[in-house]
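Okay, here's what each chain looks like letter by letter:
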Amino acid sequence: MSDTPTTPDSSPKAPQKDERQQARRQRSVIYYIGILFIVAFLLLLLSFMMERRQHAEDLDDLNASLSGLKDSVSAMQSVQQIQEENAELKQKQIILENQIIAGTHENAELKEQTLNQEKGLQAMDWFWQINEAFVRGRTSQCRQLIEEMEAAGLADYLPKESITDNGRFSPYDRLMEIRNRVIR
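Treat the numbers as computed from the prediction; the structure is a model and nothing was measured.

The rules behind the values
Residues numbered from 1 in each chain as written. Predicted model: local features only at pLDDT ≥ 70, side-chain atom pairs only at ≥ 80, totals over all residues. Heavy atoms only, no water. Helix = DSSP H or I, 4+ residues; strand = E, 2+ residues; numbered from the N terminus. Expected span 1.5 Å × (residues − 1). Buried < 20%, exposed > 50% of the residue type's maximum accessible area, 1.4 Å probe, protein only. Patch = residues over 30% accessible without salt bridge, like charges linked within 9 Å, V, L, I, M, F, W, Y side chains within 5 Å. Areas by Shrake-Rupley, 256 points an atom, 1.4 Å probe, with all protein chains shown as cover. Salt bridge = Lys/Arg side-chain N within 4 Å of Asp/Glu carboxyl O. Lys, Arg positive; Asp, Glu negative; His and termini not counted. Charge placed at Lys NZ, Arg CZ, Asp CG, Glu CD. Axes fitted to C-alpha atoms, helices over the stretch in contact; angles between N-to-C directions. Parallel < 35°, antiparallel > 145°, perpendicular 65-115°, else oblique. Left-handed = near helix turned anticlockwise from the far one by under 90°. Contact = heavy atoms within 4.5 Å. Core = buried A, V, L, I, M, F, W, Y, C linked by side-chain atoms within 4.5 Å. Polar contact = N/O pair within 3.5 Å; in protein donor to acceptor, adjacent residues only side chain to side chain.

### A closer look at helix α3 (residues 171-182)
So, step 1. Between its first and last C-alpha atoms α3 spans 16 Å; for 12 residues at 1.5 Å apiece the expected length is 16 Å, and the two agree.
So, step 2. Turning to α3, its buried residues number three or more, namely P171, Y172, R174, L175, E177, I178 and V182.

Right, dumping it as C-alpha cells:
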C-alpha cells in the first residue's frame with residue numbers, strides 16, 4: 001500500500017459521487033426553474049384570461065351605455081320633432097283662426113250686403129208704387145205711401161245715381177221730387 005493516506009475526497013469514488021450530486025443538483029435546479037416557468041406561464045395565462053373576461057364585461061357595459069345613449073338621442077330627436085310639429089300646428093292654427101275671423105267678417109259683410117239689397121228691393125217696390133200713384137194723380141195715396149216708406153226707413157236705400165245715363169233723375173231724386181210736390 002502506499003504511503004499516502006487516502007482521503008475520502010481523493011478517492012476515485014468521491015469525484016463520481018460529487019459529479020452525481022452536482023448533476024442531481026443541476027437537474028433539480030433545472031426542474032425547479034422549469035416548474036417556475038410553467039407556474040409563471042400559468043399565472044400569465046390566468047391573468048390574461050381574467051383581463052379578457054374583464055375587458056368583455058367592460059365592453060358589454062360600454063355597449064349598454066352606448067345603447068342607452070342612442071335611445072336618449074333618439075328620444076331627444078323625437079322630442080325635437082314633436083316640438084317642430086307642434087310649432088307647425090300652432091302656425092296652422094293661427095292661420096285657420098285668421099281665416100275664420102276673415103270669413104266671419106266676410107260673412108257679416110255679405111249678410112249686410114244681402115240685407116241692404118233686400119231693403120233696396122223693398123225701397124224700389126215702394127218707389128214704384130209711389131211713382132205709379134203720383135203719375136195717376138192719387139196724391140193722398142202717394143202721400144200715405146211716402147210716409148210709410150220713410151217710417152220704414154227705406155228711402156235711403158234707393159239708388160242715388162241714375163244707371164241709365166239719359167239725364168233722368170235717379171230713383172232717390174225722383175222720390176224727393178214727388179215728396180216735395182205731395183207733402184208741403
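### With respect to a positive patch on the surface
So, step 1. Residues K17, R20, R24 and R27 make up a contiguous surface patch of positive charge.
So, step 2. Under the relative-accessibility criterion, R20 is labelled exposed at 51%.

### Things to note about the pattern of salt bridges
So, step 1. Going through the model one piece at a time under the given rule, you end up with 5 salt bridges.
So, step 2. E132 serves as the salt-bridge partner of R136, at 2.7 Å between the closest nitrogen and oxygen.
So, step 3. The exposed category is assigned to R136, whose relative accessible area is 55%.
So, step 4. Across the pair R174 and E177 runs a salt bridge whose closest N-O atoms are separated by 3.1 Å. Here the residue R174 and the residue E177 both occupy positions in helix α3, the gap between them amounting to 3 residues, near one helical turn.
So, step 5. Linked by salt bridges that have partners in common, R174, E177 and R181 make up one network.

### Let's talk about a nonpolar patch on the surface
So, step 1. Residues Y31, I35, V39, L43, L46 and M50 make up a contiguous nonpolar surface patch of roughly 620 Å² in combined accessible area.
So, step 2. Within the fold, M50 resides in helix α1 (residues 13-135).
So, step 3. For M50, a relative accessible area of 45% puts it in the partly exposed group.

### Digging into the packing of helix α2 (residues 139-152) against α3
So, step 1. With their axes 10 Å apart at the nearest point, α2 and α3 run at an angle of 125 degrees to one another. As summarised for this structure, α2 and α3 are arranged oblique, according to the angle between their axes. The hand of the α2/α3 crossing is left-handed. Each of T139, C142, R143, I146, M149 and E150 in α2 lies in contact with α3, whose residues at this interface are L175, I178, R179 and V182.

### A short note on the nonpolar core
So, step 1. Counting 16 residues, the largest nonpolar core has I130, C142, I146, M149, L158, L175 and I178 as its most contacted members.
So, step 2. Looking at this core, the elements with two or more residues in it are α1, α2 and α3.
So, step 3. Here this core takes 5 residues from α1, the largest share from any one element.
So, step 4. For C142, the residues in contact, after removing those within four places along its chain, are I130, A133, F134, I178 and V182.

### A few points about the side chain of S170
So, step 1. Here S170 lies in the loop between α2 and α3.
So, step 2. Residue class for S170 comes out buried when judged on its relative accessible area of 2%.
So, step 3. Side-chain polar atoms of S170 contact the backbone oxygen of K160, separated by 3.1 Å.
So, step 4. Those residues within four positions of S170 in sequence are excluded, and the remaining contacts are P159, K160, E161 and S162.

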